[in-house]
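Structure assessment
Chain by chain, the residues run as shown.
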Amino acid sequence: MPESDPEMSARNITRFWEWGRKIICVGRNYADHALELKNAIPKEPVLFLKPPSAYVKEGSPILLPFYTSNLHHEVELGVVVGKGGTAIPQSSAMEHVAGYVLCLDLTARDVQEECKAKGLPWTLAKAFNTSCPISDFIPKEKIPDPGSVNLWLKVNSVLKQQGSTSQMIFSIPYLISYISEIISLEEGDLILTGTPKGVSSVQEHDELQAGIEDIKHFEVCHEVVFLIGALKVPLQAFPQSVSFSIHTANKSKLLYRHKQNHLTPALLLLSPH
Ligand SMILES: O=C(O)/C=C/C(=O)CC(=O)C(=O)O
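Residues numbered from 1 in each chain as written. Predicted model: local features only at pLDDT ≥ 70, side-chain atom pairs only at ≥ 80, totals over all residues. Heavy atoms only, no water.

An unreviewed UniProt entry annotates the chain as Oxaloacetate tautomerase FAHD1, mitochondrial originating from Danionella cerebrum. Regarding the chain, the relevant UniProt record gives this comment under Sequence similarities (unreviewed entry): "Belongs to the FAH family." (UniProt positions renumbered as here; feature names shortened; annotations may be inferred.)

Take a look at the structure:
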């Protein structure tokens, strides 16, 4: 894969969500969060993906999937890739970063638990439309030390999550190097670096606010946070008319599968109709 595609380079990195092709997420990257969900501390990064259709910008509504009754917020620092590459060494990894966003990795926790129990992928739990709300683009220069910033999230003004990126098990340069060995990074890709502890359930009409603060330059970045880092996103139900009916298979067969195993796509086909 070429390191830089001239057509891609002409695009505006501050609007990466309009054309970026991948969202690569890191799970269990904060020990206290791994433990709150009763997981072991990982020895290497846990990776999963979201599609670009997961993006939703600050101020737009999050759609609440009808198949979950336990949607969780996870606040994260997102790293926006400015220069692609494969097998990027840790020593030059930060040269590939264009900037950052504050993001949420919304997770249908009940669905994820079932997927985990059955050894199934987490796609339904993590990759639905609007599962990745993002703030405005934050240029790299505004966060001189991304390994030492505070992230916080409030639900209806109540503080739920607070943690420092210094608590990450795998650092940003390590993650860029590790991921790019396996999945070539391209300009406009976003890496979600994991969430600190305090994840909890959100409901329709809840209001989420999140922020980022540079610990070392607290005074300056507190102001920056207020301007660029805050997310304020109302939740609303998936419109009933939305349909996931992507299968044409015989309904009675799907109904049988629904009874046997309600996490199969049959649930999506049959559920609200
Ligand atoms: O392993 C689990 O039970 C859940 C993991 C996550 O959802 C983790 C993340 O996405 C994260 O740590 O950021």
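In this section: the side chain of Lys57. Looking at the secondary structure, you find Lys57 in strand E3 (residues 55-57). A polar contact is formed between the side chain of Lys57 and the side chain of Asp136, at a distance of 2.8 Å. (Helix = DSSP H or I, 4+ residues; strand = E, 2+ residues; numbered from the N terminus. Polar contact = N/O pair within 3.5 Å; in protein donor to acceptor, adjacent residues only side chain to side chain.)

Take empty space enclosed by the protein next. One pass over the full model with this rule turns up two cavities of 30 Å³ or more. Computed from the structure, the largest cavity encloses a volume of approximately 120 Å³. Lining the largest cavity are 17 residues, and of these Arg28, His33, Leu37, Gln112 and Trp122 sit closest to its centre. Every element with two or more residues in the lining of the largest cavity is listed here: strand E1 (23-27), helix H2 (31-36) and helix H3 (109-118). Element by element, the count of residues in the lining of the largest cavity is highest for H3, at three residues. (1 Å grid on protein atoms, 1.4 Å probe; cavity = no way out; pocket = protein on both sides within 12 Å on 5 of 7 lines; lining within 4 Å. Points joined across faces, edges and corners; volume = space filled by probe spheres on them.)

Next up on the list: the site of the ligand. In the vicinity of the ligand lie 17 residues, with Arg28, Asn39, Glu74, Lys116 and Lys126 positioned nearest. A distance of 3.0 Å is found between an oxygen atom of the ligand and a side-chain nitrogen or oxygen belonging to Asp105. Thr195 is positioned with one of its backbone polar atoms (N or O) 3.2 Å from an oxygen atom of the ligand. Taking 350 Å² as the accessible area of the ligand by itself, protein coverage stands at 100%. At the level of secondary structure, the elements contributing two or more residues to the shell around the ligand comprise E1 and H3. (Near = heavy atom within 4 Å. Areas by Shrake-Rupley, 256 points an atom, 1.4 Å probe, with all protein chains shown as cover.)

Taken together, the buried positions of H3 are occupied by Arg109, Val111, Gln112 and Cys115. The buried residues of H3 occupy an angular sector of 155° when the element is viewed end-on, so they sit on one face. Lining the buried residues of H3 we find H2, strand E5 (71-72), strand E8 (107-108) and helix H4 (123-126). Among the residues trailing H3, Gly119 stands out with phi positive, at a value near 70°. (Buried < 20%, exposed > 50% of the residue type's maximum accessible area, 1.4 Å probe, protein only. Arc of directions from axis to C-beta. Contact = heavy atoms within 4.5 Å.)

Regular strands place their side chains on alternate faces of the sheet. With eight of eight residues buried, strand E7 (residues 97-104) is to be regarded as a mostly interior element. Note that strand E6 (residues 75-81) and E7 share seven bridges and pair antiparallel. Looking across to E7, one finds that Leu77 is bridged to Leu102. Of the strand pairs in this sheet, E7 and strand E10 (residues 138-139) are connected by two bridges, and their pairing is antiparallel. Residue pairing for E10: Tyr100 is matched across the bridge by Ile138. (Pairing = 2+ DSSP bridges.)

Here we come to the nonpolar core. Core analysis: the biggest nonpolar cluster contains 61 residues, and Phe16, Ile134 and Leu190 have the highest contact counts within it. When residues of this core are assigned to their parent elements, the largest contribution, seven residues, is made by E7. (Core = buried A, V, L, I, M, F, W, Y, C linked by side-chain atoms within 4.5 Å.)

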